[in-house]
Amino acid sequence: MLGFLGLATWSPYIVGVAIGLLVCLSLVVSDRPLGCSTGFVKTCGLIERILRGKNVEKTEYYREIPPRVDWQFTILPGIVIGAFISSILSGVFALEWIPPLWAATFGRDIGLRIGVALLGGIFLALGARWAGGCTSGHGISGNLQLSVGSMVSSACFFIGGILTAMGLMSLGG
Amino acid sequence: MVDLTALHKNTPVQALLGLLIGIVFGFLLQKGAVTTYDVILGQLLLTDFTVVKVMLSAVFTGMIGFYLLKRKGLVRRHVRTASLGSNMVGGLIFGVGFALLGYCPGTVAGAVGQGSLDALFGGVVGLVLGAGLFSRMYPQLSRGVLQKGRFRSQTLPELLHMNEATVIGLMAICMLVLLAGLEFLGF
């Protein structure tokens, strides 16, 4: 069995079917669609609560998404652990600052890669919270419930992403 | 019928379930290679269709599973009120971040787990900052742009005035044709 668990990659169809079943399980046992971006709001709120005290919970957005260590928060460390286990079992775990495609296009300047990634992260959180979900919340969980808003969001994730990726790569030459 | 409300209301158990579901999700994302920058950028550059294959097979399976579970009364629909100001504008902003970072909010956590330091020091830090920024903008946005262009129908069956099972059947056929087409074209 470790043979299969130790493979570097699985077929995207096997992975997709398993994720679809996992979302169903999550809806049954937790009454929640599987989503990730709320976890970053919780993380930010928890950090702010440490730095600025309990009053941050009175902020309008944190009243809607209370900064607590609950389901929507714990899923994030869960994903880190799960991916760590998977990469250790297959022996592909490696500390890496710059992905190969980035290195081939823009070189090996760590500052440039981290700067662009940081900017990307800011846009990603803004967009996910603006749209009310991310690639998992809208792209998978919302679409499988036939939500029109999720379909519009998912289409826009890819339209914005494709245009930006093509523009970015043309800068690298 | 099983009453699951007590389980749903038990916050500590739910926090543990969130962790366990996250572990399985992270494991699957890593095995599916979608925690890899090159794979996600390859999707956005339309040279690698792994992300679309994973997403479509997840939606295909989950759509049928959700429908059957809902008929048994085991799940309920969670759909937010949609609007162009929220879903379209937010979606496009998300897309810009998706391409600049090369991970999404779930896969960035998976990338951290496999050792990608750009995901940790760029992605996670940026996402936390972005979430904080959004919390500041939220009072204005929630009364303004997020309300613009609200949809009258929230689900596809409502929008098309069709029965849910028929819509699911048609969607399933479209997805299978799309996936078969990708394989046929050699992606």
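Residues numbered from 1 in each chain as written. Chains lettered and ligands numbered in written order. Predicted model: local features only at pLDDT ≥ 70, side-chain atom pairs only at ≥ 80, totals over all residues. Heavy atoms only, no water.

K.L.:
Explain the side chain of Ser-135 of chain B to me, please; I cannot follow it from the model alone.
P.N.:
Along the chain, Ser-135 of chain B falls in helix α7 (residues 117–143). What makes Ser-135 of chain B buried here is its relative accessible area of 2%. A polar contact of 2.7 Å, which involves the side chain of Ser-135 of chain B, links it to the backbone oxygen of Gly-132 of chain B. With sequence-adjacent residues up to four places away left out, Ser-135 of chain B is seen in contact with Glu-48, Tyr-61 and Tyr-62 of chain A. (Helix = DSSP H or I, 4+ residues; strand = E, 2+ residues; numbered from the N terminus. Buried < 20%, exposed > 50% of the residue type's maximum accessible area, 1.4 Å probe, protein only. Polar contact = N/O pair within 3.5 Å; in protein donor to acceptor, adjacent residues only side chain to side chain. Contact = heavy atoms within 4.5 Å.)

K.L.:
How should I be thinking about the packing of helix α6 (residues 105–113) of chain B against α7 of chain B in this particular structure?
P.N.:
To describe two helices that pack against each other, one gives the angle between their axes and the distance between the axes. Residue and element names in this part refer to chain B. The N-to-C vectors of α6 and α7 enclose an angle of 145°; their axes lie 9 Å apart at closest approach. In this structure, α6 meets α7 at a crossing whose hand is left-handed. On the side of α6, the interface is formed by Pro-105, Val-108, Ala-111 and Val-112, while α7 contributes Ala-119, Leu-120, Gly-123, Val-124 and Leu-127. (Axes fitted to C-alpha atoms, helices over the stretch in contact; angles between N-to-C directions. Left-handed = near helix turned anticlockwise from the far one by under 90°.)

K.L.:
Please explain the state of the cysteines as it appears in this structure.
P.N.:
Each disulfide consists of a covalent bond between the sulfur atoms of two cysteine residues. Here the structure, examined in full by the defined rule, presents zero disulfides over all chains. The closest cysteine sulfur to the non-disulfide-bonded Cys-44 of chain A is located on Cys-134 of chain A, 16 Å from its own sulfur. Given a relative accessible area of 7%, Cys-44 of chain A falls into the buried group. Of all cysteine sulfurs, the one in Cys-156 of chain A lies closest to Cys-174 of chain B, which takes part in no disulfide; the gap is 19 Å. The exposure class of Cys-174 of chain B is exposed, given its relative accessible area of 52%. (Disulfide = S-S within 2.5 Å.)

K.L.:
What exactly am I supposed to notice about the interface of chain B and chain A here?
P.N.:
Accessible area lost upon the coming together of the parts serves often as the stated size of an interface. At the interface, 119 residues of chain B touch 115 residues of chain A. Regarding the contact of chain B and chain A, the summed buried area is about 10100 Å², with carbon and sulfur atoms giving 76% of it. Asp-118 of chain B is paired through a salt bridge with Arg-113 of chain A; the nearest N and O atoms lie 2.8 Å apart. At the junction of chain B with chain A, the criterion picks out 37 residue pairs in polar contact (both at pLDDT 80 or more). No other element matches the 24 residues that α7 of chain B contributes to the side of chain B that touches chain A. Residues belonging to the side of chain B that touches chain A are distributed by class as follows: 70 nonpolar, 38 polar and 11 charged. (Buried area = accessible area lost by both parts, 1.4 Å probe. Salt bridge = Lys/Arg side-chain N within 4 Å of Asp/Glu carboxyl O. Nonpolar A, V, L, I, M, F, W, Y, C, P; charged D, E, K, R; others polar.)

K.L.:
Looking at this model, I keep getting lost on the layout of surface pockets. Mind explaining?
P.N.:
Any space left empty among the atoms is revealed by the rolling of a water-sized probe across them. Each pocket or cavity is described by its volume, and for the largest pocket that value is around 500 Å³. If you trace the largest pocket, you find 30 residues lining it, with Pro-33, Gln-72 and Gly-132 of chain A together with His-78 and Arg-80 of chain B closest to the centre. Listing elements by their share of the lining of the largest pocket, those giving two or more residues are α3 (37–52), α5 (71–89), α8 (137–144) and α9 (148–172) of chain A. For the lining of the largest pocket, the element with the highest residue contribution is α8 of chain A, accounting for three residues. A class-by-class count of the residues in the lining of the largest pocket yields seven nonpolar, 18 polar and five charged. (1 Å grid on protein atoms, 1.4 Å probe; cavity = no way out; pocket = protein on both sides within 12 Å on 5 of 7 lines; lining within 4 Å. Points joined across faces, edges and corners; volume = space filled by probe spheres on them.)

K.L.:
Teacher, can you tell me more about helix α9 (residues 164–184) of chain B here?
P.N.:
Each full turn of the α-helix corresponds to 3.6 residues, which orients residues three or four apart in the same direction. With 21 residues, α9 of chain B ought to run about 30 Å at 1.5 Å a step, and its terminal C-alpha atoms sit 30 Å apart, in line with that. Within the sequence span of α9 of chain B, burial applies to Glu-164, Val-167, Ile-168, Met-171, Ala-172, Met-175, Leu-179 and Leu-182 of chain B. Around the axis of α9 of chain B, the buried residues are gathered within 135° of arc, so they sit on the same side. Opposite the packed face of α9 of chain B, turned more than 90 degrees from it, sit the exposed residues Ile-173, Cys-174, Val-177 and Phe-184 of chain B. Where α9 of chain B is buried, its residues touch α2 (12–30) and α9 of chain A together with α4 (50–71) and α8 (156–160) of chain B. At the N-terminal boundary of α9 of chain B, the capping side chain belongs to Asn-163 of chain B, with an oxygen 2.8 Å from the backbone nitrogen of Ala-165 of chain B. Gly-186 of chain B sits one or two residues past α9 of chain B and shows a positive phi near 90°. (Expected span 1.5 Å × (residues − 1). Arc of directions from axis to C-beta.)

K.L.:
Is there a simple way to think about the packing of α9 of chain A against helix α5 (residues 84–101) of chain B in this case?
P.N.:
Between α9 of chain A and α5 of chain B, the shortest axis-to-axis distance is 6 Å and the interhelical angle comes to 40°. Here α9 of chain A and α5 of chain B pass one another in a crossing that is right-handed. Looking at the contact of α9 of chain A with α5 of chain B residue by residue, the classes come out as 14 nonpolar, nine polar and no charged.

K.L.:
I tried to follow the environment of Val-145 of chain B on my own but got confused; where do I start?
P.N.:
Positionally, Val-145 of chain B belongs in the loop between α7 and α8. Accessibility expressed as a relative area gives 27% for Val-145 of chain B, which makes it partly exposed. Separated by 91 residues in sequence, Val-145 of chain B and Val-54 of chain B have C-alpha atoms that sit 32 Å apart. Other than its neighbours up to four places away in sequence, Val-145 of chain B contacts Trp-130 of chain A together with Gly-85 and Ser-86 of chain B.

K.L.:
So what exactly am I meant to see when it comes to the packing of aromatic side chains here?
P.N.:
Counted by the stated rule, this structure contains 14 aromatic pairs over all chains. Arranged with centres 6.0 Å apart and planes meeting at 70°, the rings of Phe-158 of chain A and Phe-98 of chain B form a pair that is edge-to-face. With one member in each of two chains, Phe-158 of chain A in helix α9 and Phe-98 of chain B in helix α5 form a pair that bridges those chains. One exposure class covers both Phe-158 of chain A and Phe-98 of chain B, and it is buried. Relative to Phe-98 of chain B, the ring of Phe-94 of chain B has its centre 5.6 Å away and its plane inclined at 55°; by these criteria the two rings are tilted. One end of the pair is Phe-94 of chain B and the other is Phe-98 of chain B, both in helix α5 and four residues apart, which spans about a single turn. Pair check on accessibility: Phe-94 of chain B and Phe-98 of chain B agree, each one buried. One aromatic cluster is present, built from ring pairs that chain together Trp-102 and Phe-106 of chain A together with Tyr-37 and Tyr-103 of chain B. Over the ring of Trp-102 of chain A we find Arg-113 of chain A, and its NZ or CZ is 5.0 Å from the ring centre. (Phe/Tyr/Trp six-rings, centres within 6.5 Å; stacked < 30°, edge-to-face > 60°. Lys NZ or Arg CZ within 6 Å of the ring centre and 35° of its normal.)

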